[in-house]
Amino acid sequence: MPTSAHVDSWYAASANRELDLPVLQGELTTDVCIVGGGYTGLSSAIHLRERGYEVALLEANRIGWGASGRNGGHVDTGQRLGQRALEKLVGPDRARALWRLGLEAVDTVENLIERHGIECELKRGNLHLAAQARHATALRREAEHLQRAYDYPRVRFVPAAEIGSLTCARGFHGGLLDTGARHLHPLNYALGLGAAAVRAGARLFEGSAVRAFEEGPRIRVTTDRGAVRARFLILACNGYLGNLAPRAAARIAPLNNYMLATQPLPATLAARLTRDDAAMSDTLAVINYWKLSADNRLLFGGGETLTGRAPGNIGAFVRRRMLRIYPELADTRIDYGWGGTLAVTRNRMPDFGRLAPAVYYAQGYSGHGVPIATLAGKLIAEAVAGSAERFDVMASVPAPPFPKNPLLRRTAIAAALLLYRLRDRLG
């Protein structure tokens, strides 16, 4: 069995199943080889099996070991950028197509949970809070634009005077309430997808890190103990891609993000934090995000560092951010603190593409990964089956690369992080 257990988090402590999966040993031949056992890879496996393809999935550690098992669990509508920003980036017609795909992403998550009986604390609603007064103006315009131009009735602007009736969170100037959004237990969702993929007939392997792949009439993917020959290859590694595919890696920046889980809170206090049990987030560039667990713990995330530079005490690192919003939690015990690696792009939109006609990838979800990574698997399966129009809508979004030189690349990412922190601090 793999030696890398899940990180010590509340998600791992409350996981509701284990997957007993083998290490790849020897060679096998299949239609599609998937590298990565997160949402992208697992959704790809399920949707490909539904189309009759033979599938082998290789995960270096455990299913859901990376960001898919450590994130905030938000399942937000739309794309990572708002629609007004998207219209400026890609034009109104393509922005509308991306909006429809963003709604479908949430529906796809719900459909998979329902069809496969995945127990993962699925709940409704997100309140996106304006950390600065000018952000409130932007959120109000976004809500009005979605209602008017996109005929989306589930979103409304919440003025500052009403925020106190929804949450005791401090320091906000208004918010955007989206009752079409969802939130869930991310690791149990990933493990449920893994179990569904196995039941569907996909062959899943853990502890099977991919070292290289070679193109040819059959793509050959090698691990320490085996190899897979396949007609198609899907790279579903996101922030853990490393040097496996340098051209794709140049389009993303791996960053560490951090979370904590408090002790279970009294029901009266939990209801003050979020009256309707909605997930919450703010508009800071280095975003804060939070929600309640089923046992009334506050799961709070925030703060980023370059990979390899994790804080010594993650719980204390995140707690400082939490107390700026909820000072009444000063005496609340922190039971868990953990981090993980996600991938961001320069424009915060996901990067879909092909490295060769039979090599697909999707990555760079920039904090919007639960719905869009799930959708990615569905669209990749369509493309493998010969219907790539919807995949190409996502792949057509500009994805400017970071500097190729490793030193320049790291310096640029560090400078961007510093700039974001200064913007958040100075407004």
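Remember, it's a predicted structure, so these values are computed and weren't measured experimentally. (Residues numbered from 1 in each chain as written. Predicted model: local features only at pLDDT ≥ 70, side-chain atom pairs only at ≥ 80, totals over all residues. Heavy atoms only, no water.)

**Things to note about helix α7 (residues 186-199)**
Then, in step 1: Between its first and last C-alpha atoms α7 spans 20 Å; for 14 residues at 1.5 Å apiece the expected length is 20 Å, and the two agree.
Then, in step 2: With respect to burial, α7 is a largely interior element, 12 of its 14 residues being buried.
Then, in step 3: Every buried residue of α7 is listed here: Pro-186, Leu-187, Asn-188, Tyr-189, Ala-190, Leu-191, Gly-192, Leu-193, Gly-194, Ala-195, Ala-196 and Ala-197.
Then, in step 4: Taken together, the buried residues of α7 touch α1 (10-13), α2 (39-50), α4 (92-115), β7 (203-205) and α11 (369-384).
Then, in step 5: Phi for Gly-201, located one or two positions after α7, is positive at around 105°. (Helix = DSSP H or I, 4+ residues; strand = E, 2+ residues; numbered from the N terminus. Expected span 1.5 Å × (residues − 1). Buried < 20%, exposed > 50% of the residue type's maximum accessible area, 1.4 Å probe, protein only. Contact = heavy atoms within 4.5 Å.)

**With respect to empty space enclosed by the protein**
Then, in step 1: All chains considered together, the criterion is met by one cavity of 30 Å³ or more.
Then, in step 2: Taken together, Leu-235, Cys-237, Asn-238, Leu-241, Ala-248, Tyr-361, Ala-362 and Gln-363 make up the lining of the largest cavity.
Then, in step 3: Here the element with the most residues in the lining of the largest cavity is strand β17 (residues 359-363); it accounts for three residues. (1 Å grid on protein atoms, 1.4 Å probe; cavity = no way out; pocket = protein on both sides within 12 Å on 5 of 7 lines; lining within 4 Å. Points joined across faces, edges and corners; volume = space filled by probe spheres on them.)

**Quick notes on the pairing of strand β15 (residues 334-344)**
Working note: regular strand, side chains alternate between the two faces of the sheet.
Then, in step 1: The buried fraction of β15 amounts to eight of the 11 residues, a majority that puts the element mostly inside the structure.
Then, in step 2: Relative to β15, strand β11 (residues 253-262) is paired through 10 bridges, and the arrangement is antiparallel. Directly across from Pro-254, in β15, lies its bridge partner Ala-343. (Pairing = 2+ DSSP bridges.)

**A look at the packing of aromatic side chains**
Then, in step 1: With the rule as written, the count across this model stands at 12 aromatic pairs.
Then, in step 2: Geometrically, the ring pair formed by Trp-99 and Tyr-152 is edge-to-face, given 5.1 Å between the ring centres and 80° between the ring planes. Placement of the pair is Trp-99 in helix α4 and Tyr-152 in the loop between α5 (133-149) and β5 (155-159), with a sequence separation of 53 residues.
Then, in step 3: One aromatic cluster is present, formed by Phe-172, Trp-290, Phe-300 and Tyr-326 through successive ring pairs.
Then, in step 4: One residue, Arg-96, lies across the ring of Tyr-150, its end atom 4.5 Å from the ring centre. (Phe/Tyr/Trp six-rings, centres within 6.5 Å; stacked < 30°, edge-to-face > 60°. Lys NZ or Arg CZ within 6 Å of the ring centre and 35° of its normal.)

**Brief notes about the nonpolar core**
Then, in step 1: Formed by 103 residues in total, the largest nonpolar core has its most connected members in Ile-34, Leu-48, Tyr-189, Val-221, Leu-233, Leu-235 and Phe-352.
Then, in step 2: Among residues more than four places away in sequence, those in contact with Leu-233 are Cys-33, Val-35, Phe-213, Ile-219, Val-221, Ala-358, Val-359 and Tyr-360.
Then, in step 3: Counting residues in hydrophobic clusters, the runner-up holds 29 residues, among them Leu-284, Leu-298, Ile-314 and Leu-329. (Core = buried A, V, L, I, M, F, W, Y, C linked by side-chain atoms within 4.5 Å.)

**Digging into the side chain of Asp-178**
Then, in step 1: Along the chain, the position of Asp-178 falls in strand β6 (residues 174-183).
Then, in step 2: Comment: no salt bridge for buried Asp-178; closest opposite-charge side chain is Arg-154, at 6.8 Å.
Then, in step 3: A polar atom in the side chain of Asp-178 sits 2.8 Å from the backbone nitrogen of Gly-180.
Then, in step 4: Not counting chain neighbours up to four residues away, the residues in contact with Asp-178 comprise Thr-77, Gly-125, Asn-126, Tyr-152, Arg-154 and Val-155. (Lys, Arg positive; Asp, Glu negative; His and termini not counted. Salt bridge = Lys/Arg side-chain N within 4 Å of Asp/Glu carboxyl O. Polar contact = N/O pair within 3.5 Å; in protein donor to acceptor, adjacent residues only side chain to side chain.)

**A look at the pairing of strand β2 (residues 55-58)**
Then, in step 1: Neither face of β2 is open: one carries Val-55 and Leu-57, the other Ala-56 and Leu-58, and all of them are buried.
Then, in step 2: Here strand β1 (residues 26-35) runs beside β2; their pairing, made up of four bridges, is parallel. Pairing of Ile-34 across the sheet is with Leu-57, part of β2.
Then, in step 3: Following the chain from β1 across α2 to the adjacent parallel β2, one finds a crossover that is right-handed.
Then, in step 4: Of the strand pairs in this sheet, β2 and β7 are connected by three bridges, and their pairing is parallel. Bridging from a neighbouring strand, Leu-57 pairs with Leu-204 of β7. (Right-handed = clockwise from strand over helix to strand, strands pointing away.)

**Section: the packing of α2 against α7**
Then, in step 1: At a minimum axis separation of 9 Å, α2 and α7 run at an interaxial angle of 30°. If you check the angle between α2 and α7, you find them roughly parallel. Crossing angle aside, the handedness with which α2 passes α7 is left-handed. Contact residues: Tyr-39, Leu-42, Ala-45 and Ile-46 in α2; Pro-186, Tyr-189, Ala-190, Leu-193, Gly-194, Ala-196 and Ala-197 in α7.
Then, in step 2: Considered class by class, the residues forming the contact of α2 with α7 number 10 nonpolar, one polar and no charged. (Axes fitted to C-alpha atoms, helices over the stretch in contact; angles between N-to-C directions. Parallel < 35°, antiparallel > 145°, perpendicular 65-115°, else oblique. Left-handed = near helix turned anticlockwise from the far one by under 90°. Nonpolar A, V, L, I, M, F, W, Y, C, P; charged D, E, K, R; others polar.)

**Remarks on a positive patch on the surface**
Then, in step 1: Among the surface-exposed residues, Arg-320, Arg-324, Arg-421 and Arg-425 lie close enough to one another that they form a single positively charged patch.
Then, in step 2: Take Arg-324: it is sitting in helix α10 (residues 314-325).
Then, in step 3: Arg-324 gets classed as exposed once you look at its relative accessible area, which sits at 59%. (Patch = residues over 30% accessible without salt bridge, like charges linked within 9 Å, V, L, I, M, F, W, Y side chains within 5 Å. Areas by Shrake-Rupley, 256 points an atom, 1.4 Å probe, with all protein chains shown as cover. Charge placed at Lys NZ, Arg CZ, Asp CG, Glu CD.)

**Brief notes about the environment of Pro-403**
Then, in step 1: Take Pro-403: it is sitting in the loop between α12 (389-395) and α13 (406-426).
Then, in step 2: A relative accessible area of 30% places Pro-403 in the partly exposed class.
Then, in step 3: Sequence separation of Pro-403 and Glu-144 is 259 residues, and the distance between their C-alpha atoms is 38 Å.
Then, in step 4: Apart from residues lying up to four places away in sequence, Pro-403 is in contact with Leu-408, Arg-409 and Ala-412.

**Details of the packing of helix α3 (residues 83-90) against α4**
Helices that pack against each other are described as a pair by the angle of their axes relative to one another and the distance between those axes.
Then, in step 1: The interhelical angle for the contact between α3 and α4, taken along N-to-C directions, is 135°, at an axis separation of 7 Å. The angle between α3 and α4 falls in the class oblique. Considering the relative orientation of α3 and α4, their crossing is right-handed. Two secondary-structure elements touch here, α3 through Gln-83, Leu-86, Glu-87 and Val-90 and α4 through Pro-92, Arg-94, Ala-95, Arg-96, Leu-98 and Trp-99.
Then, in step 2: Along the lines of polarity and charge, the residues of the contact of α3 with α4 split into six nonpolar, one polar and three charged.

Read these as spatial facts, not as claims about activity.
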